[in-house]
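# Descriptive analysis of the structure
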Amino acid sequence: MRAISWNVNSLRTRFERVAAVINRHQPDLLCLQETKVTDEDFPHDAIEELGYIAEVHGQKTYNGVALISRDELEDVRIGFDGDPCPEQARVISGVCQGVRFINIYVVNGKEIGTDKYELKMKWLTALREWISSEFNNDEPLVILGDFNIVPEERDAHDPDKWRHIHFSPEEVAQLDALRDWGTTDLFRLHNDDDHVFSWWDYRRQAFRFDHGLRIDLAMGTQRAAKICSFASLDRDERRKGDFEAKPSDHIPLILDFS
DNA sequence: ATGGTTGGTCGCCAA
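Let us look at the structure shown here. The model shown is predicted, which means the values in this text are computed figures rather than measured ones. (Residues numbered from 1 in each chain as written. Chains lettered and ligands numbered in written order. Predicted model: local features only at pLDDT ≥ 70, side-chain atom pairs only at ≥ 80, totals over all residues. Heavy atoms only, no water.)

## Details of the protein's contact with DNA strand B
Close to DNA strand B lie 17 residues, the nearest being Ser10, Thr13, Asn108, Arg203 and Arg204. Among all atoms of DNA strand B positioned within 4 Å of the protein, those belonging to sugar or phosphate total 69%. Residue Lys116 places a side-chain N or O atom 3.1 Å away from a phosphate oxygen belonging to DNA strand B. The separation between a base nitrogen of DNA strand B and a polar side-chain atom of Arg203 is 2.4 Å. When the residues that make up the surface near DNA strand B are grouped by side-chain class, the tally is three nonpolar, five polar and nine charged. (Near = heavy atom within 4 Å. Polar contact = N/O pair within 3.5 Å; in protein donor to acceptor, adjacent residues only side chain to side chain. Nonpolar A, V, L, I, M, F, W, Y, C, P; charged D, E, K, R; others polar.)

Put into C-alpha cells, the structure is as follows:
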C-alpha cells in the first residue's frame, strides 16, 4: 500500500498537479491539506475520473483536508473531540487496508507570544489527548500531514532562524510527547541525510537557495513502522521542468507499507 | 524588525 501526504495549497488551483502526482506515484491513499475549498465545491467528479473517491472536510478560503483513495475507507471521522477551534477544518481520519491514517493540518502559530501560537499549543495538546483516548498505540496508526514543526536541527537550513516559530522548544516538545505516546518519524526510518526539506517559502527565492524546512511528517506507531518499507520526499514536484507552473510551497511525502 | 510571493477573494488575511 502506498500513502502520500501533501499540502497542496488550494486543490482547485493545483488540480492538474494533483492528477500528475496520482499518475506518477499511483497511491492507494492521498492525504491532502490546505484544500481551501468547501465540501459543496469539492471536485468529486474530477477525482472519480482518476479512479478515486474523496472523503472531505473543507471550508471556505482557509484550511481544509481530504482523504482521496482508490477504495472506500473504513471508520472515516471528521475533526476531533475537544478541538479548541472546531470551525477550522484541520483533521480527517480513516482506515485504509488495516492502517489508521490521521490526516492533520496543524495550526501555523505565526510567532511565539501571539494568540495563534497559544492556539497551536492548545490545539496540539487537545489532538494528542483525543488520539490517546480514542485509539490504541499498539495498533497500526499513522499521524501525518503538515505539522508546522521542525523535528530536529538537521531538518532546517538554518535552525536559528526558526526558533521563534516551527522550531521553538515548546513545539519540539509537542512532537516529543507524540513520540512518548509510541510513535516514530517514519521518514527517518529510511533517510539519514541532513537538509532534506518538504517546504520552502515562496518568497526570497527560498527553493532556489534551498532555504527549506522539513515540516511535513508521518508519525507512526511501532506496528506501522514495522510495515513501513519506504519513505521519500518528492522534490521533483517543486523542481523546474514539466511541472514548472505554479508549484505548491510543500512537496509530497510518499510512504509505502507492506 | 523588515521583508515581499502566493492563494482566495476582490480588501486584505494567512502562510
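## Observations concerning the sheet that holds strand E5 (residues 74–78)
Taken in spatial order, the six strands line up as E5-E6-E7-E8-E12-E9 in an open sheet, and their pairing is mixed. Edge positions in the sheet fall to E5 and strand E9 (183–185), since each of these pairs with one other strand and no more. On average, each strand axis in the sheet is tilted by 20° relative to the strand beside it, whichever way the strands run. Summarising the sheet, E5 and strand E6 (residues 91–96) pair through three bridges and their orientation is antiparallel. Each bridged residue has a counterpart across the sheet, and for Ile78 the counterpart in E6 is Ile92. Its contacts with the sheet put helix H3 (residues 115–134) on E5, E6, strand E7 (99–105) and strand E8 (141–146), and the angle it makes with E7 is roughly 165°. Contacts from helix H4 (residues 169–182) reach E8, E9 and strand E12 (216–221), with the element oriented near 25° to E12. (Pairing = 2+ DSSP bridges. Helix = DSSP H or I, 4+ residues; strand = E, 2+ residues; numbered from the N terminus. Axes fitted to C-alpha atoms, helices over the stretch in contact; angles between N-to-C directions. Contact = heavy atoms within 4.5 Å.)

## A few points about the packing of H3 against H4
H4 packs onto H3 with a crossing angle of 0° between their chain directions and a minimal axis gap of 11 Å. Judged on the interaxial angle alone, H4 and H3 are roughly parallel. Mapping the contact onto sequence places Tyr117, Lys120, Met121, Leu124, Thr125, Arg128, Ile131 and Ser132 in H3 and Glu170, Glu171, Gln174, Ala177, Leu178 and Trp181 in H4. Across the contact of H3 with H4, the residue classes break down as seven nonpolar, three polar and four charged. (Parallel < 35°, antiparallel > 145°, perpendicular 65-115°, else oblique.)

## Digging into the packing of aromatic side chains
Within the structure shown, the criterion is met by six aromatic pairs. Relative to Phe207, the ring of Trp200 has its centre 4.7 Å away and its plane inclined at 90°; by these criteria the two rings are edge-to-face. As far as burial versus exposure is concerned, Trp200 and Phe207 are alike and both buried. Here the aromatic residues Phe80, Trp123, Trp130 and Phe135 are joined through ring pairs into a cluster of three or more. (Phe/Tyr/Trp six-rings, centres within 6.5 Å; stacked < 30°, edge-to-face > 60°. Buried < 20%, exposed > 50% of the residue type's maximum accessible area, 1.4 Å probe, protein only.)

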